[in-house]
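Take a look at the letters that make up each chain.
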Amino acid sequence: MSDSEDDVPQLSAATLAALQEFYAESGRTGLEQNSKTDKFCVGAVEEDWGMSQFWYSEDTAIRLAEEVMQQAGEHGRIACISAPSVYQKLKQLESTRSDSVSAVLLEFDRRFAAYGDEFVLYDYNNPLCLPEDLLPQSFDIVIADPPYLSEECLSKVALTIKHLTKGKILLCTGAIMEELAGKIMDLKMCSFLPKHNHNLANEFRCYVNYESSLLS
């Protein structure tokens, strides 16, 4: 990928040091094998900083999953682009709700292929290289969290978003991308402040192009 390291969301120094020590001791990779661990829980797949992966906090994952479920509507379809935390929470919430939705995860990390047919290998450098069954405008809402804070990355992911969505878009990215998000997808910044399991130094925000409680 051509993006510079400066484009990658950054962990705070204290958080980075603590996590490096933790991972060195635990050595955990991939899906947890502990039978007591839900394979869809946020964190079942370890973050890979080299791939700019930073998982949402539990509260944020729930809030965003509930948002896209509400906006998709009964039997709606949801596309999660580089947003595995939201996809995982959607799968956990399935059994607790009467209004069923379906979701797919578009992700570059092949570890998520463990989720079967709902996993779609996705490289933002080839934004329209998608399976034939992902038809244009076939998703009621698309939620996306581009891996890099750059104009190139967001512009390419935007092509995928516009190809898949019937109209509704929920974008999660840095505050510095506000102007570009508005320009290329007509998105407005929300008041809702998303959080991550590990604090980021970059200010992170959500953006939508529809009326939402996230706005206020």
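Preceding this section is the structure that the text describes.
Treat the numbers as computed from the prediction; the structure is a model and nothing was measured.

Basis of the calculations
- Residues numbered from 1 in each chain as written.
- Predicted model: local features only at pLDDT ≥ 70, side-chain atom pairs only at ≥ 80, totals over all residues.
- Heavy atoms only, no water.
- Helix = DSSP H or I, 4+ residues; strand = E, 2+ residues; numbered from the N terminus.
- Buried < 20%, exposed > 50% of the residue type's maximum accessible area, 1.4 Å probe, protein only.
- Contact = heavy atoms within 4.5 Å.
- Areas by Shrake-Rupley, 256 points an atom, 1.4 Å probe, with all protein chains shown as cover.
- Salt bridge = Lys/Arg side-chain N within 4 Å of Asp/Glu carboxyl O.
- Phe/Tyr/Trp six-rings, centres within 6.5 Å; stacked < 30°, edge-to-face > 60°.
- Lys NZ or Arg CZ within 6 Å of the ring centre and 35° of its normal.
- 1 Å grid on protein atoms, 1.4 Å probe; cavity = no way out; pocket = protein on both sides within 12 Å on 5 of 7 lines; lining within 4 Å.
- Points joined across faces, edges and corners; volume = space filled by probe spheres on them.
- Nonpolar A, V, L, I, M, F, W, Y, C, P; charged D, E, K, R; others polar.
- Polar contact = N/O pair within 3.5 Å; in protein donor to acceptor, adjacent residues only side chain to side chain.

Asks: What am I meant to see in the overall build of the protein chain here?
Replies: Within the protein chain, the secondary structure is distributed over five helices and seven strands. Counting from the amino terminus, helix and strand elements in the protein chain follow one another as α-α-β-α-β-β-β-α-β-α-β-β. With 216 residues in all, the protein chain has 50% of them scored as buried. In the protein chain, the proportion of contacts linking residues at least 24 apart, taken out of those at least 6 apart, comes to 72%. A total of about 10,400 Å² of accessible surface is found on the protein chain, and carbon and sulfur atoms cover 49% of it.

Asks: What's the story with the pattern of salt bridges in this structure? I'm lost.
Replies: A side chain with one charge can pair with a side chain of the opposite charge if their charged atoms come near. Counted by the stated rule, this structure contains eight salt bridges. What you see here is one network of salt bridges that share partners, running through Lys91, Glu94 and Glu118.

Asks: Would you explain the packing of aromatic side chains in this entry?
Replies: The description of an aromatic ring pair uses the distance of the two centres, along with the angle that the planes make with each other. Going through the model one piece at a time under the given rule, you end up with seven aromatic pairs. Taking 6.3 Å as the distance between ring centres and 70° as the angle between the ring planes, the aromatic pair formed by phenylalanine 40 and tyrosine 87 counts as edge-to-face. Of the two residues, phenylalanine 40 is situated in the loop between α1 (13-26) and α2 (58-72) and tyrosine 87 in helix α3 (residues 84-93); the sequence distance between them amounts to 47 residues. The buried category is assigned to tyrosine 87, whose relative accessible area is 1%. Geometrically, the ring pair formed by tryptophan 55 and phenylalanine 112 is edge-to-face, given 6.1 Å between the ring centres and 75° between the ring planes. Placement of tryptophan 55 in the loop between α1 and α2 and of phenylalanine 112 in the loop between β2 (102-107) and β3 (119-121) is noted, with a sequence separation of 57 residues between them. No difference in accessibility class separates tryptophan 55 from phenylalanine 112, as the two residues are buried. Ring-pair connections join several aromatic residues into one group, and the members of that group are Phe40, Trp55, Tyr87, Phe112 and Tyr115. The cationic tip of arginine 63 hangs over the ring face of phenylalanine 192; the distance from NZ or CZ to the ring centre is 5.9 Å.

Asks: Sorry if this is basic, but what is going on with the layout of surface pockets here?
Replies: With a probe scaled to a water molecule rolled over the atoms, the places where space remains empty come into view. Looking at the largest pocket, its volume works out to about 340 Å³. Forming the boundary of the largest pocket are 25 residues, of which Met51, Ser52, Ser82, Asp145 and Pro147 lie nearest the centre. When its residues are assigned to classes, the lining of the largest pocket shows 17 nonpolar, five polar and three charged.

Asks: Whenever I open this one, the side chain of glutamate 67 confuses me. Can you help?
Replies: Residue placement: glutamate 67 occurs in helix α2. In terms of polar contacts, glutamate 67 uses its side chain to reach the side chain of tyrosine 210, at 2.8 Å.

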